[in-house]
Amino acid sequence: MSEEASPPVSFWQSVRQSLRGAEQHDYTALPLNRAVILLAVPMVLEMVMESLFAVADVFWVSHLGKEAVAVVGLTESIMTLIYAVAIGISIAATAIISRRIGEKEPELAAQAAGQIVLLGLLAATGIGIVLGYFAPDILRLMGAGEEIVTLGTGFARMMLGGNATVFLIFLINAIFRGAGDAVIAMRTLWLANALNIVLGPCFIFGWWIIPELGVTGAAVATNIGRGIGVLYQLWHLAGHHSRVKVRWQHFKPEREVISAVLSKSGSGIIQLLISTTSWVGLFKILALFGSSALAGYTIAIRIVVFALMPAWGLANAGATLVGQNLGAHKPERAEAAVKIAVKFDVIVLSLIGIFFVLCAHPLIRLFTQDPEVVAYGTQALWVVSLAFPLYAAGMCFEAAFNGSGDTWTPARLNFLCLWIGQIPIAWLFSKTFAFGPVGAFVSVPVSYSLLAIFSGLLFKRGRWKTQKV
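The structure displayed is predicted, hence computed values, not measured ones. (Residues numbered from 1 in each chain as written. Predicted model: local features only at pLDDT ≥ 70, side-chain atom pairs only at ≥ 80, totals over all residues. Heavy atoms only, no water.)

## Points about the overall build of the chain
Looking only at helices and strands, the chain features 17 helices and 0 strands. Compactness check: the chain gives a C-alpha radius of gyration of 21 Å against a globular reference of 23 Å for 469 residues, within 12% of the reference. Oriented by its inertia axes, the alpha-carbon framework of the chain measures out at about 65 × 45 × 40 Å. Counting every position in the chain, which comprises 469 residues, the buried fraction comes to 60%. Look at the contacts in the chain between residues 6 or more apart in sequence, and 80% of them connect residues 24 or more apart. (Helix = DSSP H or I, 4+ residues; strand = E, 2+ residues; numbered from the N terminus. Rg over C-alpha atoms; globule rule 2.2 N^0.38 Å. Buried < 20%, exposed > 50% of the residue type's maximum accessible area, 1.4 Å probe, protein only. Contact = heavy atoms within 4.5 Å.)

As structure tokens, then:
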């Protein structure tokens, strides 16, 4: 009896099955609502831990003062460039692995996974050597004063130079998601980020036998936690419970596979670079208004990320279903899966957005008591939260394009809405119209709302259904 014809399973039974991860399902045959639940629950919980870490990290660092928070904000704005490369390759990983699994070709999926990990390791090593060496110069380039450069060089060097742990954990989790092994990806981030959260205050403040490292301690904790997470991933990727079983021979360079990965990765990286460099540009504009505005915005964005990261879990579930169902030649089923993900995501983020708008001030005060930082953070959180429903729809549509292998459409949309839209709007409102930091805050919901609207229109046209991977 096929899975689609199997007896109906309740919502809570599906949730329990998704968390156990003991069964391997055919996501091209399951009832779609159940398929979305089985994939989305562990993906959402995976992202909950990722976002919880982001908030916990800035919570502890905020006890060191607004300069330390500014160090984290400036370094993270550069780390987003590394994330862009990692996530760009991850987009290719999810699209290729999910397509091979949908085509019932596990050996080709394993071969692709080996090449993806190899490329990721080489990229992370090269990036780490260059950015780690030039860390203080990069902070100055971002507009940091000498006090912040002195305080933040250790943190920046540790994060930029040790980026391989962050890079690989993203990349290998994308392989697991594409294969439908969402529960392994969830457990990886829970392990890595639980260690981050526990070790963070130990290294920052010098608890027990651990030396006090200040803001640099946050970077040490991150690299230890995520490094252990990568080891856990590799253990599973070697054949323990994963449906993608990578062997040593799969790491031998294969020109055709590498070309396919690079083809999809290139446009994915461009897509993410456009998005993330727009955030760097926004930080550069905010740095003109001093460390209080920068710190307030950093805290607000960490809180926003806390909400948006789990929402990406639902979007990623849609992307996996798109890839596997297109591989099984079921495009209408792929489209229906995305619509289900959009519906759930819009409902959840709408409720969270209302809560953030109503409670912006007390939420910011959980992280800092500096009245100027609180004021800027409250304004930023209130303004950015206004467009949460559109953020939800936009991320689901873009994830669907990426899951199908159509990575150029989101790249073009990001360029149009974030570079042609967000950066000029931020400068115009904050400097030309003299609205100050609030003008930069307003550019975020305006640009991302346009992105959601254009993405929805292109999704309806359906050209993504014809992509070959």
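## Observations concerning the environment of L451
With respect to the element layout, L451 can be found in helix α17 (residues 437-461). Between the alpha carbons of L451 and N414 there is a distance of 7.1 Å; along the sequence they are 37 residues apart. Each residue touching L451, except ones within four places of it in the same chain, is listed here: E398, L413, N414 and C417.

## Quick notes on the packing of aromatic side chains
Taken as a whole and judged by the stated rule, the model has 15 aromatic pairs. On the numbers, 5.9 Å between centres and 85 degrees between planes, the contact of W60 with W207 is edge-to-face. Here the residue W60 occupies a position in helix α2 (residues 32-62), and W207 occupies one in the loop between α8 (182-205) and α9 (215-237), the gap between them amounting to 147 residues. According to the relative accessible area criterion, W60 is partly exposed, its value standing at 24%. Take W207: its relative accessible area is 40%, and that puts it in the partly exposed class. Taken together, the aromatic side chains of F355, F356, F388, Y391 and Y448 make up a single cluster linked through ring pairs. (Phe/Tyr/Trp six-rings, centres within 6.5 Å; stacked < 30°, edge-to-face > 60°.)

## Comments concerning the packing of helix α3 (residues 66-102) against helix α4 (residues 106-133)
The geometry of a pair of packed helices is captured by two quantities: the angle between their axes and the separation between those axes. Axis separation between α3 and α4 bottoms out at 10 Å; the angle between their running directions is 175 degrees. By the angle between their axes, α3 is roughly antiparallel relative to α4. When α3 is examined against α4, the residues I78, I82, V85, I89, A93, I96, I97, R100 and I101 are found in contact with a partner set consisting of L108, A109, A112, A113, I116, I127 and L131. Here the residues of the contact of α3 with α4 sort into 15 nonpolar, no polar and 1 charged. (Axes fitted to C-alpha atoms, helices over the stretch in contact; angles between N-to-C directions. Parallel < 35°, antiparallel > 145°, perpendicular 65-115°, else oblique. Nonpolar A, V, L, I, M, F, W, Y, C, P; charged D, E, K, R; others polar.)

## A closer look at the layout of surface pockets
Within this model, the largest pocket holds a volume of roughly 390 Å³. If you go around the largest pocket, you meet 20 residues; those closest to its centre are A40, V44, P310, L314 and V348. Mapped onto the lining of the largest pocket, the elements with two or more residues apiece are α1 (11-20), α2, α11 (291-327) and α12 (331-358). For the lining of the largest pocket, the element with the highest residue contribution is α2, accounting for 8 residues. (1 Å grid on protein atoms, 1.4 Å probe; cavity = no way out; pocket = protein on both sides within 12 Å on 5 of 7 lines; lining within 4 Å. Points joined across faces, edges and corners; volume = space filled by probe spheres on them.)

## Examining a nonpolar patch on the surface
Residues L390, F415, L416, W419, I420, V446, L450, I453, F454 and L457 make up a contiguous nonpolar surface patch of about 840 Å² in total accessible area. The element that contributes the greatest number of residues to the nonpolar patch is α17, accounting for 5 residues. For I453, the position within the fold is in helix α17. (Patch = residues over 30% accessible without salt bridge, like charges linked within 9 Å, V, L, I, M, F, W, Y side chains within 5 Å. Areas by Shrake-Rupley, 256 points an atom, 1.4 Å probe, with all protein chains shown as cover. Salt bridge = Lys/Arg side-chain N within 4 Å of Asp/Glu carboxyl O.)

## Let's talk about the pattern of salt bridges
A full pass over the atoms with the stated rule returns 8 salt bridges. Close ionic contact of E103 with R100 constitutes a salt bridge, the shortest N to O distance being 2.9 Å. Exposure remark for R100: the relative accessible area of 13% places this residue in the buried category. A salt bridge links K465 to E335; the shortest N-O distance between them is 2.5 Å.

## Quick notes on the nonpolar core
In terms of nonpolar packing, the biggest core is built from 128 residues, with I97, L160, I175, V244, Y297 and L381 touching the most fellow members. Per-element accounting of this core gives the leading share, 18 residues, to α3. Those residues in contact with I175 that lie beyond four places of it in its chain are A93, I97, A113, I116, V117, L237 and V244. Grouped together as the second largest cluster of nonpolar side chains are 15 residues, Y27, L32, V36 and A337 included. (Core = buried A, V, L, I, M, F, W, Y, C linked by side-chain atoms within 4.5 Å.)

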